[in-house]
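Working through the structure, step by step
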Amino acid sequence: DVEPKQLTSQQIRQLEMLSNLVVSQLELRLAAQASRLLVSVVESSNDAIVTNTFDGNITSWNPAAERMFGYSADEVLGKPISMMIPSDRAQEEEVFVDHLKRGERMEHFESIRLHKDGSPRDVSFTVSPVIDAAGEVVGASKIVRDITAIKQSQTQLRNITNALNNTAMVAI
């Protein structure tokens, strides 16, 4: 039988340091995996996902935002979000900021935003606060869905309904 060897205090400290290093490496790998997963979700989303600072500068822009608004990420990163807001709706961004600074989300807020070619897009937003590592609200995260086709269909349905009602009134 071999007797277990007594470890010196220096050897114990070295083993503790080694185990701390192994744990740190595992935590880093798990964090990297989680980060890759989140990036994949954002990149593959069919909804535009855009973030901006409270002073309005765009800080992230996913591929769906490129398709929806016509701007590449290179064209908009660091630029003001106001470039896509019609002038008659400029106050909406202030409303978002007021809610976000209180840590509040805004769900299914419908509005209009501008495509790069100047054409309007009916959109539905969910706006959430971006919170930094210190727990401070530092900006806005917006998930944007283009509802232009839905709005057009609703208008067509209303027009058809009105035409049918008018035809029914004439027939009576």
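Residues numbered from 1 in each chain as written. Predicted model: local features only at pLDDT ≥ 70, side-chain atom pairs only at ≥ 80, totals over all residues. Heavy atoms only, no water.

1. Some words on the side chain of Ser45
With respect to the element layout, Ser45 can be found in the loop between helix H1 (9–44) and strand E1 (48–53). A polar contact is formed between the side chain of Ser45 and the backbone nitrogen of Asp47, at a distance of 3.0 Å. Excluding residues within four positions of it along the chain, Ser45 makes contact with Asn62, Ala64 and Arg67. (Helix = DSSP H or I, 4+ residues; strand = E, 2+ residues; numbered from the N terminus. Polar contact = N/O pair within 3.5 Å; in protein donor to acceptor, adjacent residues only side chain to side chain. Contact = heavy atoms within 4.5 Å.)

2. Quick notes on the packing of aromatic side chains
If you walk through the whole model with that rule in mind, you get four aromatic pairs. Centroid distance Phe96 to Phe125: 5.5 Å. Interplanar angle 65°. Geometry classified as edge-to-face. Of the two residues, Phe96 sits in helix H4 (residues 91–101) while Phe125 sits in strand E4 (residues 120–131), which places them 29 residues apart along the sequence. Among the aromatic residues, ring-to-ring pairing joins Phe96, Phe109 and Phe125 into one connected group. Looking at Lys101, its charged tip hangs above the ring of Phe54, at a distance of 5.3 Å from the centre. (Phe/Tyr/Trp six-rings, centres within 6.5 Å; stacked < 30°, edge-to-face > 60°. Lys NZ or Arg CZ within 6 Å of the ring centre and 35° of its normal.)

3. Points about empty space enclosed by the protein
Per the stated rule, a full pass over the model turns up one cavity of 30 Å³ or more. Within this model, the largest cavity holds a volume of roughly 90 Å³. In terms of lining, the largest cavity is formed by Val50, Phe69, Ile81, Met84, Ile85, Glu93, Phe96, Arg113, Phe125, Lys142 and Val144. Those elements that provide at least two residues to the lining of the largest cavity are H4 and strand E5 (137–146). For the lining of the largest cavity, the residue count by class is eight nonpolar, no polar and three charged. (1 Å grid on protein atoms, 1.4 Å probe; cavity = no way out; pocket = protein on both sides within 12 Å on 5 of 7 lines; lining within 4 Å. Points joined across faces, edges and corners; volume = space filled by probe spheres on them. Nonpolar A, V, L, I, M, F, W, Y, C, P; charged D, E, K, R; others polar.)

4. What to know about unusual backbone geometry
Located in the positive-phi region is His108, a residue other than glycine, with phi close to 55°. Turning to its location among the elements, His108 is positioned in strand E3 (residues 106–114).

5. Remarks on the pairing of E5
Relative to E5, E1 is paired through six bridges, and the arrangement is antiparallel. Paired with Val50 across the strands is Lys142, a residue of E5. For E4 and E5, the ladder comprises nine bridges, and the chain directions are antiparallel. Bridge pairing in E5 links Val127 to Lys142. Hairpin remark: E4 followed by E5, antiparallel, with five residues in the connecting loop; positive phi at Gly135, about 85°. (Pairing = 2+ DSSP bridges.)

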